[in-house]
Amino acid sequence: MRFRFQRKYLCIPYALFLILFVILPILMIVYYAFTDTSGNFTFEAFISFFSSTSKLNVLVNSLMFSILNTLICLAIGYPLAYLLANKKYNRNAVLVMLFVTPMWINFVLRTWATRDVLTWIGISGGTHPYLATMIGLVYNYLPFVVLPLYTTMLKLDQSQIEAAINLGCNRVQVFTKSIIPQSIPGIVSASMMVFMPTMSSYVISDVLSEGKVTLFGNSIYLSFSNSQWGQGSFMAMLMLVIIGISMLLTRNFTEKEDNGRVSKW
Amino acid sequence: MVKKVLAKTYIYLVLLLMYVPILVLIAYSFTTTSQIGQWNGIFTMKLYADLFKNNDIMVALGNTIILAVISAAVSTLLGTIGAIGTYYANKKTRAVIENINQIPVVNAEIVIALSLTFVFVVMGQYLFRAQIFSFWTLLIGHVVLSAPFVYLNVKPKLQQLDPSLYEAALDLGASPRRALRKVMVPQLMPGIISGFMLSISLSLDDFIVTAFTRGPGLLSGNESIQTLSTYIQSVIKKKSIPIELRALTTLIFISVIIVAVLVTFYNNKQLHRIKRRKGREY
């Protein structure tokens, strides 16, 4: 039988690639998380993670940093995106692009620049490790918030806002009853762009706090370089679980949003 | 009026604050002081001359660029072919691949890096019976990072595709391969190009995957491959940062701005062209 080319066969190399370098690695993480050095099944990594206060501290710390970073980025980025999407204040696309360009400069270079300037004004990692890390995180992730929020703001239904005004809403009500509900998909995707990467970030906290602030990413890195594979894998798996849960939550959320819109019409 | 002034002030204030670190670094690239904040009053281009004489930086820069171009090319090829194949595969296969494709997109970079390293170590132990960390493992790491994004960029273009064009090509006697190359790929080109650009930027910016999966090779010879990210991270740690890096930052900044402006203009032009075409048709 002769091989006949069909377009669907083209997915085979990609599928193999995904199995080999996406699925297999994740299975390995799960494997190493629950085995000891000689390959026997064990809960050791699990127990030692949840009984070690320093590891739990790192988890709580990273969660706090992530939440705070997300909130600050949203607080700065939300009004910014709203204003940028308004033709009255911003007529050219170049300005929006300028907010995104920092993403294209090597982020280790950017972090280094931030550190030098922060040290200059007296917020060095030696004296204020938490503040320096926080500032660095906001600097790094603000562009990631601006972009999704901006695209949502462009799609705001202006007639609904006008209708709200005509029907007697004051400014605060227009904001809380019309603009915020309409921009929720943007807020969700912006938060996802910041929250997860912050938890697992390595370079920023390492450089800006001079090693004093340990986030989840630093912790995984450390246990790997100390060749504690079990510990590292377990934390990586925990990270995966957290990512999975938040994906499920936001997916449900956006689906509900869509259904709601459909049923309304 | 007041509102407008306030709005503009806010926009430009945030913009300024975002650029302060880089602008300060650029300003200090014209002086040879060792510490930012202590301007020694001499305006000089010495750092720019030194930059090109610094072998470490040049090797790192060269590695970064070679790696970015090769990994983007491989990711683009793999991602595009994958997207086409998946789009025409049966429903079940498509759903499975689509979901798996989403994993590296949302996954934390450190988890990708760690898990890939495990695979490479085990492969080296049981399959190759040797250490396999090299340029190739690094390349695979970067392709895992960017191919899913190429896929996501090509997919919407496939959905917009006019299926009758491919069939027309077949009816007119083109072989499926030829029809694919001459008819489908040109129509997917915008998505492929944006996927390529995204891959380049992802590769240029990566630190963690590089740090985990690299081995000896490229311009670094027998030592571990240094990219800009890993090089800068290592000198920051040792607190012996060559001040020529300021000049490098300036040059990178300028090229990024130029590319960004060009891309914006190109996009605007495309938009206008689409608008004009639509105006003629309807």
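Before reading on, note that the structure itself is shown above.
Each value, and the rule that gives it
- Each chain carries its own residue numbering, running from 1 in the direction its sequence is written.
- All chains are assigned letters beginning with A, and all ligands numbers beginning with 1, in the order in which they are written.
- Given that the model is predicted, a residue must reach a pLDDT of at least 70 before its local features are reported, and side-chain atom pairs must reach 80 or more before they are shown or counted; all residues, however, enter totals for whole chains, interfaces and linings.
- The basis for every side-chain value is the complete set of heavy atoms in the structure, and neither hydrogens nor water enter the calculation.
- Secondary structure counts use DSSP, requiring at least four H or I residues in a row for a helix and at least two E residues in a row for a strand, with both numbered from the N terminus.
- Note on method: radius of gyration uses C-alpha positions; expected globular size equals 2.2 Å times residues raised to 0.38.
- Each residue is placed in one exposure class: buried if its accessible area under a 1.4 Å probe, protein chains only, is under 20% of its type's maximum, exposed if it is over 50%, and partly exposed if it falls in between.
- In this analysis, two residues are considered to be in contact whenever any of their non-hydrogen atoms come within 4.5 Å of each other.
- Note that accessible areas follow from Shrake-Rupley with a 1.4 Å probe, and for residues the cover is restricted to the protein chains shown.
- Positive charges are assigned to Lys and Arg, negative charges to Asp and Glu, while His and the chain termini are left out of the count.
- For charged residues, the charge sits on one atom: NZ in Lys, CZ in Arg, CG in Asp, CD in Glu.
- Patches here: salt-bridge-free residues with over 30% relative accessible area, like charges joined within 9 Å, nonpolar side chains (Val, Leu, Ile, Met, Phe, Trp, Tyr) joined within 5 Å.
- The rule for a salt bridge is simple: a side-chain nitrogen of Lys or Arg has to be within 4 Å of a carboxyl oxygen of Asp or Glu.
- By definition, the buried area sums, over both parts, the 1.4 Å-probe accessible area that each loses when the two are put together.
- Throughout this description, a polar contact denotes any pair of N or O atoms lying within 3.5 Å of each other; where both atoms belong to protein, one of them has to be capable of donating a hydrogen while the other can accept it, and for residues adjacent in sequence the pair is counted only when both atoms sit in side chains.
- Three classes are used, and their members are as follows: Ala, Val, Leu, Ile, Met, Phe, Trp, Tyr, Cys and Pro are nonpolar, Asp, Glu, Lys and Arg are charged, and the others, Gly among them, are polar.
- The criterion is simple. A nonpolar core is a set of buried Ala, Val, Leu, Ile, Met, Phe, Trp, Tyr and Cys residues joined through side-chain atoms within 4.5 Å.
- Within 6.5 Å between ring centres, the rings of Phe, Tyr and Trp (the latter by its six-membered ring) count as paired, and their orientation is classed by plane angle as stacked under 30 degrees, edge-to-face over 60, tilted in between.
- Definition used: whenever NZ (Lys) or CZ (Arg) falls within 6 Å of the ring centre and also within 35 degrees of the ring normal, the charge is taken to sit over that ring.
- The span one expects for a helix is its residue count, reduced by one, times 1.5 Å.
- The quantity called bend is, for any residue, the angle between two axes fitted respectively to the seven residues ending at it and the seven beginning at it.
- The angle between two axes is taken between their N-to-C directions and runs from 0 to 180 degrees, where each axis is a line fitted to C-alpha atoms and a helix contributes only its stretch in contact.
- Reported orientations rely on four angle classes, namely roughly parallel under 35 degrees, roughly antiparallel over 145, roughly perpendicular from 65 to 115, and oblique for the rest.
- Note: crossing handedness is left-handed where the near helix turns anticlockwise from the far helix by less than a right angle, and right-handed where it turns clockwise.

Points about the overall build of chain B
- Within chain B one finds 11 helices and 0 strands.
- Along its sequence from the N terminus, chain B presents helices and strands in the succession α-α-α-α-α-α-α-α-α-α-α.
- Its C-alpha radius of gyration of 24 Å places chain B more than 25% over the 19 Å reference for a compact globule of 282 residues.
- Based on the C-alpha atoms only, the size of chain B along its principal axes is roughly 75 × 70 × 35 Å.
- Considering chain B as a whole, with its 282 residues, one finds that 46% of them fall into the buried category.
- Pairs at least 24 apart in sequence give 70% of the contacts found in chain B among residues at least 6 apart.

Some points on the overall build of chain A
- From N to C terminus, chain A includes 11 helices and 0 strands.
- Secondary structure elements in chain A, listed N-terminal to C-terminal, are α-α-α-α-α-α-α-α-α-α-α.
- Its C-alpha radius of gyration of 23 Å places chain A more than 25% over the 18 Å reference for a compact globule of 265 residues.
- Along the first, second and third principal axes, the C-alpha atoms of chain A reach 75 × 70 × 35 Å.
- A separation threshold of at least 6 residues defines the contact pool for chain A, and within that pool the share at least 24 residues apart is 72%.
- With an accessible surface of roughly 13300 Å², chain A has 66% of that area assigned to carbon and sulfur atoms.
- Taking the average location of the 18 positive side-chain charges in chain A and that of its 10 negative ones, the two points are 12 Å from each other.

Some thoughts on a positive patch on the surface
- A cluster of basic residues, Lys88, Arg91 and Arg171 of chain A together with Lys3, Lys4 and Lys8 of chain B, forms a positive patch on the protein surface.
- Note on placement: Lys4 of chain B falls in helix 1 (residues 2–27).
- Judged by its relative accessible area of 30%, Lys4 of chain B falls in the partly exposed class.

Structural notes on the interface of chain B and chain A
- If you look at the interface, chain B gives 87 residues, while chain A gives 75 residues.
- Contact between chain B and chain A buries roughly 7500 Å² in total, counting both sides, with carbon and sulfur atoms accounting for 80%.
- Our count for the contact surface shared by chain B and chain A stands at 1 salt bridge.
- Among the ionic pairs, Arg110 of chain A bridges to Asp205 of chain B, the shortest N-O distance being 4.0 Å.
- Across the contact surface, chain B and chain A share 10 residue pairs in polar contact (both at pLDDT 80 or more).
- By residue number, the principal contributor to the side of chain B that touches chain A is helix 1 of chain B, which donates 17 residues.
- Grouping the amino acids of the side of chain B that touches chain A by side-chain chemistry returns 64 nonpolar, 15 polar and 8 charged.

Quick notes on a nonpolar patch on the surface
Residue and element names in this part refer to chain A.
- Taken together, the side chains of Phe41, Phe43, Phe46, Ile47 and Phe50 define a hydrophobic patch exposed on the protein surface, amounting to about 540 Å² of accessible area.
- Considering the arrangement of structural elements, one finds Phe50 in helix 2 (residues 44–51).
- A relative accessible area of 41% places Phe50 in the partly exposed class.

Some words on the side chain of Thr249 of chain B
- Its location among the elements puts Thr249 of chain B in helix 11 (residues 244–281).
- A distance of 2.8 Å separates a polar atom in the side chain of Thr249 of chain B from the backbone oxygen of Leu245 of chain B.

As for the pattern of salt bridges
- What the rule picks out here adds up to 5 salt bridges over all chains.
- Asp116 of chain A is the salt-bridge partner of Arg115 of chain A, the closest N and O atoms lying 3.8 Å from each other. There is no split in this pair, since Arg115 of chain A and Asp116 of chain A are both buried.
- Here the residues in one salt-bridge network are Lys46, Asp50 and Lys53 of chain B, joined through shared partners.

Considerations on the nonpolar core
- In terms of nonpolar packing, the biggest core is built from 152 residues, with Leu84, Phe99 and Phe216 of chain A touching the most fellow members.
- Filtering out sequence-adjacent residues up to four positions away, Phe99 of chain A remains in contact with Leu80, Leu84, Pro143 and Val146 of chain A together with Ile11, Val14, Leu15 and Met18 of chain B.

Observations concerning unusual backbone geometry
- Positive phi is not limited to glycine here, since Glu210 of chain A has a value of about 50°.
- Tracing the backbone through its elements, the reader meets Glu210 of chain A in the loop between helix 9 (203–208) and helix 10 (216–225).
- Of note, Arg129 of chain B is a non-glycine position whose phi angle comes to about 55°, a positive value.
- With respect to the helices and strands, the residue Arg129 of chain B is situated in the loop between helix 5 (109–128) and helix 6 (135–160).

Observations concerning the packing of aromatic side chains
- Going through the model one piece at a time under the given rule, you end up with 35 aromatic pairs over all chains.
- Ring centres of Phe34 of chain A and Phe41 of chain A lie 6.3 Å apart, and the angle between their planes is 20°; this geometry places the pair in the stacked category.
- Each residue in the set Tyr31, Tyr32, Tyr202, Tyr221, Phe224 and Trp229 of chain A together with Phe118, Phe207 and Phe212 of chain B is aromatic and connected to the rest through ring pairs, giving one cluster.
- Between Arg7 of chain A and the ring centre of Tyr166 of chain B, over which it is positioned, the NZ or CZ distance is 3.5 Å.

Points about the environment of Leu152 of chain B
All names here are of chain B.
- Here Leu152 is to be found in helix 6.
- With 51 residues separating them along the chain, Leu152 and Asn101 place their C-alpha atoms 8.6 Å apart.
- Once residues lying within four places of it in the same chain are set aside, the contact partners of Leu152 are Asn101, Gln102 and Val105.

What to know about the environment of Ser51 of chain A
Residue and element names in this part refer to chain A.
- Mapped onto the elements of the fold, Ser51 is located in helix 2.
- Between the C-alpha atom of Ser51 and that of Met199, which follows or precedes it by 148 residues, the distance is 21 Å.
- In this structure the side chain of Ser51 is engaged in a polar contact, spanning 2.8 Å, whose partner is the backbone oxygen of Ile47.

Section: helix 8 (residues 176–205) of chain B
- Between the first and last C-alpha of helix 8 of chain B there are merely 38 Å, a value that for 30 residues lags more than 12% behind the 44 Å anticipated at 1.5 Å per step.
- Approximately 60° is the largest bend angle found in helix 8 of chain B, and it occurs at Met189 of chain B, with the proline Pro190 of chain B only one to four residues beyond.
- Listing the buried residues of helix 8 of chain B in full gives Ala179, Leu180, Met184, Leu188, Gly191, Ile192, Gly195, Ser199, Ile200, Ser203 and Asp205 of chain B.
- Looking at the buried residues of helix 8 of chain B, the elements they touch are helix 5 (107–120) of chain A together with helix 3 (55–88), helix 6, helix 7 (163–171) and helix 10 (228–238) of chain B.

Considering the packing of helix 10 of chain A against helix 5 of chain B
- Relative orientation of the contacting elements helix 10 of chain A and helix 5 of chain B amounts to 20°, with a least axis distance of 10 Å. As far as their axial angle goes, helix 5 of chain B and helix 10 of chain A are roughly parallel. Crossing hand, helix 10 of chain A versus helix 5 of chain B: left-handed. For the pair helix 10 of chain A and helix 5 of chain B, the contacting residues are Gly217, Ile220, Tyr221 and Phe224 of chain A in the first and Ile110, Leu114, Thr117 and Phe118 of chain B in the second.
- Considered class by class, the residues forming the contact of helix 10 of chain A with helix 5 of chain B number 6 nonpolar, 2 polar and no charged.

By themselves, these figures tell us nothing about what the structure is for.
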